[in-house]
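So the chains spell out like this:
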Amino acid sequence: MSAHSGASADIPEGMNPNAAETWPSPELIASWLGSEAYEVEPLGPGEGAAVPTDDPAKQAEARHFRDVLGRFASGVTVVTAVSGGEPVGMTCQSFSSVSLDPPLVLFVPAKTSRAWPLIQRSGRFCVNFLADGQAELSNQMASRGSDKFAGVAWHPSAATGSPVLEGSLAHVDCSVHAVHEAGDHWVVIGRVLQLATAPEGAAEDPLLFYRGKYGTTR
């Protein structure tokens, strides 16, 4: 039985049909959401992986992996969508361009992410590049609170209607092109439909994440 058995057979416009193979069922999404009011999703590379609590050697290996990967400075993005008529968002460091022709990008959510199944079922998403001064917004979108968008100014993107966060440096609007399993994460390939930078005169310095702390280029 496929993961989306019983769901609509319609594939969202622009989505590679193969991507639908990893759609979780509504029942599975509900079980992942649970009732916790607030849990923080990890920001650092490798922080989403489960670490054995009864094996000191594996604990040390995992800590070393995280410490080394933490030396790679990255930008901070928030991946957004509208799912079930409500805005959805998640903070994500693992973002990259993939291809110019066709225009493809990727991001890498953890399998433990509660936002990703909702984003995936929408079949589309928008990647917002955060600016210096938006660390609080990053933390809010990394939480598992019931209303991440409380007090957050946004407008629908031109191509998919996904939230474009006010004050972000740029955004890339995409359809889900393909989803690949990669250990304890998913590699999500997005087909770029529309993209834009912030209006002239807006903030230009990026929000960065390095060794467990926020920073910028200045």
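Rules used in this analysis
Residues numbered from 1 in each chain as written. Predicted model: local features only at pLDDT ≥ 70, side-chain atom pairs only at ≥ 80, totals over all residues. Heavy atoms only, no water. Helix = DSSP H or I, 4+ residues; strand = E, 2+ residues; numbered from the N terminus. Buried < 20%, exposed > 50% of the residue type's maximum accessible area, 1.4 Å probe, protein only. Contact = heavy atoms within 4.5 Å. Areas by Shrake-Rupley, 256 points an atom, 1.4 Å probe, with all protein chains shown as cover. Pairing = 2+ DSSP bridges. Axes fitted to C-alpha atoms, helices over the stretch in contact; angles between N-to-C directions. Core = buried A, V, L, I, M, F, W, Y, C linked by side-chain atoms within 4.5 Å. pLDDT = per-residue confidence, 0-100. Phe/Tyr/Trp six-rings, centres within 6.5 Å; stacked < 30°, edge-to-face > 60°. Lys NZ or Arg CZ within 6 Å of the ring centre and 35° of its normal.

Peer 1: Where do I start with the overall build of the protein in this structure?
Peer 2: Along its length, the protein carries 4 helices and 12 strands. Looking at the protein as a whole, 40% of its 218 residues are labelled buried. Within the protein, contacts between residues separated by at least 24 positions form 65% of all contacts whose residues are at least 6 apart in sequence. Roughly 11,500 Å² of accessible area belongs to the protein as shown, and the carbon and sulfur atoms make up 54% of that amount.

Peer 1: What exactly am I supposed to notice about the environment of L104 here?
Peer 2: With respect to the helices, strands and loops of the structure, L104 is situated in strand β5 (residues 104-107). Judged by its relative accessible area of 12%, L104 falls in the buried class. Counting along the chain gives 85 residues from L104 to I189, while the straight-line C-alpha distance between them is 6.6 Å. Those residues in contact with L104 that lie beyond four places of it in its chain are S97, V98, S99, H177, I189, G190, R191 and V192.

Peer 1: Explain the sheet that holds strand β6 (residues 124-129) here, please?
Peer 2: In spatial order, the strands read β3-β2-β6-β9-β10-β5-β4; together these 7 strands make up an open sheet with antiparallel pairing. Edge positions in the sheet fall to β3 (86-92) and β4 (95-99), since each has one partner strand and no second. The average angle at which neighbouring strand axes cross in this sheet is 35°, direction not considered. This element, helix α3 (residues 115-122), spans β2 (77-83), β3, β5, β6, β9 (170-182) and β10 (185-197) of the sheet and lies at about 125° to β3. Set on the sheet, helix α4 (residues 135-142) makes contact with β2 and β3; between it and β3 the angle comes to about 110°.

Peer 1: Whenever I open this one, the environment of L207 confuses me. Can you help?
Peer 2: Structurally, L207 can be placed in the loop between β10 and β11 (208-210). Apart from residues lying up to four places away in sequence, L207 is in contact with S74, G75, V76, L130, A131, D132, Q134, A135, S138, Y214 and G215.

Peer 1: What exactly am I supposed to notice about the sheet that holds strand β12 (residues 213-215) here?
Peer 2: Note: strands within a sheet are paired through backbone hydrogen bonds, in either parallel or antiparallel orientation. The 3 strands are arranged β1-β11-β12 in an open sheet whose pairing can be described as antiparallel. Every interior strand has two partners, whereas the edge strands, β1 (74-75) and β12, have only one. Sheet analysis places β1 next to β11, joined by 2 bridges and oriented antiparallel. If you follow S74 over to β11, its bridge partner there is F209.

Peer 1: Can you walk me through the nonpolar core in this structure?
Peer 2: Here is a general trend for soluble globular proteins: nonpolar side chains tend to be buried in one another's company. Counting 19 residues, the largest nonpolar core has V79, M90, F107, W116, I119 and F125 as its most contacted members. Put simply, the parts of the chain that give this core at least two residues each are β2, β3, β5, α3, β6, β9 and β10. Here the element with the most residues in this core is β9; it accounts for 4 residues. If you look at the next biggest cluster of nonpolar residues, it comprises 11 residues, including V78, L130, M141 and V152.

Peer 1: Please clarify how the environment of G215 should be interpreted in this entry.
Peer 2: Mapped onto the fold, G215 is located in strand β12. Note on G215: relative accessible area 30%, which makes it partly exposed. Those residues in contact with G215 that lie beyond four places of it in its chain are P206, L207 and L208.

Peer 1: I tried to follow the confidence of the model for the protein on my own but got confused; where do I start?
Peer 2: Atom-level detail of predicted coordinates should not be read off regions where pLDDT is low. Summarising the model, the protein shows a mean pLDDT of 80, and 73% of its residues fall at 70 or more. The model gives residues 1-9 a pLDDT under 50, and that stretch makes 10 contacts with residues more than four places away or in other chains. Counted against residues more than four places away or in other chains, residues 25-40, with its pLDDT under 50, gives 27 contacts.

Peer 1: Help me out: how do you make sense of the packing of aromatic side chains in this one?
Peer 2: Think of a pair of aromatic rings as described by two things: how far the centres are apart, and how the planes are tilted against each other in angle. Applying the stated criterion across every chain, the model contains 5 aromatic pairs. Aromatic side chains F95 and F129 sit 5.4 Å apart centroid to centroid with 55° between the ring planes, which places their arrangement in the tilted category. Taken as a pair, F95 in strand β4 and F129 in strand β6 lie far apart in primary sequence, 34 residues in all. By relative accessible area, which is 25% here, F129 ends up partly exposed. Centroid distance F209 to Y214: 5.3 Å. Interplanar angle 70°. Geometry classified as edge-to-face. Each member of the aromatic cluster is reached from another via a ring pair, and the members are F107, W116 and F125. Of note, K111 hangs over the ring of W186, and the distance from its end group to the ring centre comes to 5.1 Å.

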